[in-house]
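Residues per chain, in single letters:
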Amino acid sequence: KGGRGPVKDKLIELSDGTWLAGASNEVNRWEVFVDRSEDKGKTWTASPYFKIDTLQIKGKGAIQPTLWESKPGIVHMLVRTTGGVIGRSDSQDNGKTWSPIVKTDIPNPNSGIDLTRLSDGTLALMYNPDAENWGSRTPLTIALSHDNGQTWPEQVDIDKGPKKSEFSYPAIISWGDSVAVTYTWNRQKIAFWKGSKAEIEKLAAEKK
């Protein structure tokens, strides 16, 4: 009661036990918020809609946040946007208040993304690397970051096809140094992929 829970991407449990669910609304503008629960989902409190830098991110806005905690109480999110890039916001107080959404250097064709944090702090992001709003949803790429999402030096396409193909709406989880991914395959079925950090780094090196 009192909250919608996560929109597309999984909620996370913070180091203090708070449940944090990334959420969004598409009624008028596309707007991002979070639902917080401090009693393991019995009750929820919705945040205000996030501010967004409309000089950086054009169009209707942002939706479908994916979340991670880098240090106790320090939380971050990446979001799908209509501006041709992935957006980012950060919180210093366990997800109670957030910075305005600003653009990153990661392309986004207004398609779903998801992220997970490995046990060593490495981030693994699933996304479509096209910079046009409503652009191509092929290939579907996994990228690794070793600096809390500032850069993504290793990138591997896990599925690709002709421009009209669609490999989208990824979901990713991790355990130890490995990840598992599901995604829609041309709107016909669900595809599955898994790999370790070392395997992704090897594939990325071979691609270069």
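Above this text is the structure in question.
Basis of the calculations
- Throughout this document, residue positions are counted from 1 along each chain, in the order its sequence is written.
- Only residues with pLDDT of at least 70 are given local features in this predicted model, and only at 80 or more are side-chain atom pairs given and counted; all residues enter the totals for whole chains, interfaces and linings.
- Processing note: side-chain calculations cover all non-hydrogen atoms of the structure and skip hydrogens and water entirely.
- We call a set of buried Ala, Val, Leu, Ile, Met, Phe, Trp, Tyr and Cys residues a nonpolar core when their side-chain atoms join them within 4.5 Å.
- In this scheme, a residue with accessible area under 20% of its type's maximum is buried, one over 50% is exposed, and one in between is partly exposed, where area comes from a 1.4 Å probe on protein chains only.
- The helix count covers DSSP runs of H or I at least four residues long, the strand count covers runs of E at least two residues long, and both are numbered beginning at the N terminus.
- Contact between two residues is taken to exist if any of their heavy atoms lie within 4.5 Å; hydrogens are not considered.
- Note on aromatic pairs: the rings of Phe, Tyr and Trp (six-membered ring only in Trp) are paired at centre separations within 6.5 Å, and the planes decide the class, stacked below 30 degrees, edge-to-face beyond 60, tilted for the rest.
- A ring is considered to have a charge above it if a Lys NZ or an Arg CZ atom is located within 6 Å of its centre and within 35 degrees of its normal.
- Arc definition: it is the arc formed by the directions from the helix axis to the C-beta atoms.
- Here a cavity is any set of points on a 1 Å grid over the protein atoms alone where a 1.4 Å probe fits but cannot get out, and a pocket is any open set with protein on both sides within 12 Å along at least 5 of 7 lines; a residue lines the site when it has an atom within 4 Å of a point.
- Grid points are joined across faces, edges and corners, and a volume is the space filled by probe spheres set on the points.
- Note that Gly is not counted as nonpolar here; it falls among the polar residues with everything else outside the nonpolar set of Ala, Val, Leu, Ile, Met, Phe, Trp, Tyr, Cys and Pro and the charged set of Asp, Glu, Lys and Arg.

Engineer: I would appreciate a short explanation of the nonpolar core in the present structure.
Structural biologist: Side chains that are nonpolar tend, in soluble globular proteins, to be buried together. Counting 16 residues, the largest nonpolar core has Met126, Ile142, Ile158, Ile172, Val179 and Tyr183 as the members making the most contacts within it. For this core, the secondary structure elements donating two or more residues are strand S10 (123-127), strand S11 (140-145), strand S12 (154-159), strand S13 (167-175), strand S14 (178-185) and helix H1 (197-207). In this structure Ile142 touches Ala124, Leu125, Met126, Glu154, Gln155, Val156, Ile158, Ile172, Val179, Trp193 and Ile200, once residues within four positions along its chain are discounted. One finds Val34, Leu67, Met77 and Trp98 within the second-largest nonpolar core, a separate group that totals 14 residues.

Engineer: Where do I start with the packing of aromatic side chains in this structure?
Structural biologist: In this description, an aromatic ring pair is defined by two values, namely the gap between the centres and the angle between the planes. Tallying each qualifying case throughout the model produces five aromatic pairs. Here Trp19 and Trp44 contribute two aromatic rings whose centre-to-centre distance is 6.4 Å and whose plane-to-plane angle is 50 degrees, an arrangement assigned as tilted. In this pair, Trp19 sits in strand S2 (residues 19-25) while Trp44 sits in the loop between strand S3 (31-37) and strand S4 (45-46), placing the two residues 25 residues apart along the sequence. The class of Trp19 is partly exposed, set by a relative accessible area of 22%. For Trp44, a relative accessible area of 14% corresponds to the buried category. Ring plane angle 65 degrees and centroid distance 5.8 Å describe the contact between Phe33 and Tyr49, whose orientation is recorded as edge-to-face. Taken together, the residues span a long stretch of sequence, with Phe33 in strand S3 and Tyr49 in the loop between S4 and strand S5 (62-71) at a distance of 16 residues. Overall, the relative accessible area of 6% leaves Phe33 in the buried class. On the accessibility criterion, Tyr49 (39% relative accessible area) is partly exposed. Note that Lys189 overlies the ring of Trp185, its terminal NZ or CZ placed 4.7 Å from the centroid.

Engineer: Any chance you could explain H1 here in plain terms?
Structural biologist: Note that an α-helix has 3.6 residues per turn; residues three or four places apart therefore point the same way. Here H1 has its buried residues at Lys197, Ile200 and Ala204. Viewed end-on, H1 has its buried residues packed into an arc of 65 degrees, placing them on one side of the element. Those residues of H1 that are exposed and aimed more than 90 degrees away from the buried face are Ala198, Lys202, Ala205 and Glu206. Among the structural elements, S11, S12, S14 and strand S15 (189-196) are those in contact with the buried residues of H1.

Engineer: Help me understand the layout of surface pockets in this model?
Structural biologist: To locate leftover empty space, one rolls a probe as large as a water molecule over the atoms. Taken as a whole, the largest pocket holds about 160 Å³ of empty space. For the largest pocket, the full set of lining residues is Lys10, Ile12, Glu13, Leu67, Trp68, Glu69, Leu115, Thr116 and Arg117. Mapped by element, the contributors of at least two residues to the lining of the largest pocket are strand S1 (12-13), S5 and strand S9 (114-117). When grouped by side-chain class, the residues that make up the lining of the largest pocket number four nonpolar, one polar and four charged.

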